[in-house]
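Each chain, written out:
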Amino acid sequence: MSERTFQFRLRSSHPAPDRATHDLVVEFLGDSGAWEPQQLSFTMPGFRMYLMALLLCQHFYLVANAREKAIPLQQVEADFVVTTSSDWIVASVEGDFRIQLDAAASEQERGLADAEAIASIQERMKLCPVSRNLPDGVQKRIVLTSLR
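Only a predicted model underlies this, so the values are computations on that prediction, with no experimental measurement involved.

(A) Main features of the nonpolar core. Counting residues in each nonpolar core, the largest one holds 33 residues, and the members touching the most others are Phe8, Leu62, Phe80, Val93, Phe97, Ile99 and Leu144. Those elements giving two or more residues to this core turn out to be strand E1 (3-13), strand E2 (22-29), helix H1 (46-68), strand E4 (73-85), strand E5 (90-101), helix H3 (115-125) and strand E6 (139-146). With seven residues, the single largest contributor to this core is H1.

Below, the structure written as structure tokens:
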């Protein structure tokens, strides 16, 4: 049985003081091998919308939990790969999320992004409602790394 692979990448900035999401960019690796910027629209294929919802839900949980922990988030980058069977049934989801901390933040603030906090956020990202609605048989791997 042939598989289908869908690849996305994401970038966002989170300037002080509120660390809200700004300049969110999502790109999809098209059949031509070129990265294509994505904007949700009524003409976008429905399955791609579903996959973007999965990616954006993970991102939302990452940012919300970082803000809750007062982590001085400056930037998020992610690579997101979804594999399906030939009949479009999701088989695996892999997300590699990387956060960059604000260099202008104090060492004490930057210290809030310790291993325990990163692990906690990573676990909470898995509670995103879109992820939780994936069937039990889907292989899920979400990794969060802090690039101080």
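(B) Inspection of the pattern of salt bridges at higher detail. Evaluated as defined, the whole model comprises nine salt bridges. Here Arg11 ties to Glu27 by a salt bridge, and the two come within 3.4 Å at their closest N and O atoms. With a gap of 16 residues between them, Arg11 in strand E1 and Glu27 in strand E2 connect regions that are remote in the sequence. For Asp96, the salt bridge identified is with Arg141, shortest N-O distance 3.0 Å. On the criterion of sequence distance, the pair formed by Asp96 in strand E5 and Arg141 in strand E6 is long-range, its members being 45 residues apart. Where salt bridges share partners, they join Arg9, Arg11 and Glu27 into one cluster.

(C) Main features of the side chain of Gln58. Relative to the assigned elements, Gln58 resides in helix H1. For Gln58, a relative accessible area of 1% gives the class buried. Within polar-contact distance, the side chain of Gln58 engages the side chain of Ser131 at 2.3 Å. Beyond its immediate stretch of four places on either side in the chain, Gln58 contacts Phe80, Phe97, Met125, Lys126, Cys128, Ser131 and Ile142.

(D) Layout of the pairing of E2. Bridge analysis of E1 against E2 gives five bridges, and the strand direction is antiparallel. Residue Leu10 lies in a different strand from E2, and its bridge partner there is Val26. Once E2 ends, the chain turns through five residues before running back antiparallel as strand E3 (residues 35-37), passing Gly33 with a positive phi of about 90°.

(E) Region of the structure containing the sheet that holds E5. Taken in spatial order, the six strands line up as E3-E2-E1-E4-E5-E6 in an open sheet, and their pairing is mixed. A strand with exactly one partner marks an edge of an open sheet, and here the two such strands are E3 and E6. On average, each strand axis in the sheet is tilted by 15° relative to the strand beside it, whichever way the strands run. Relative to the sheet, H1 contacts E1, E2, E3, E4, E5 and E6, its axis offset from that of E4 by approximately 145°. Packed on one face of the sheet, H3 meets E5 and E6 and runs near 150° to E6.

About the thresholds
- Residues numbered from 1 in each chain as written.
- Predicted model: local features only at pLDDT ≥ 70, side-chain atom pairs only at ≥ 80, totals over all residues.
- Heavy atoms only, no water.
- Core = buried A, V, L, I, M, F, W, Y, C linked by side-chain atoms within 4.5 Å.
- Buried < 20%, exposed > 50% of the residue type's maximum accessible area, 1.4 Å probe, protein only.
- Helix = DSSP H or I, 4+ residues; strand = E, 2+ residues; numbered from the N terminus.
- Salt bridge = Lys/Arg side-chain N within 4 Å of Asp/Glu carboxyl O.
- Polar contact = N/O pair within 3.5 Å; in protein donor to acceptor, adjacent residues only side chain to side chain.
- Contact = heavy atoms within 4.5 Å.
- Pairing = 2+ DSSP bridges.
- Axes fitted to C-alpha atoms, helices over the stretch in contact; angles between N-to-C directions.

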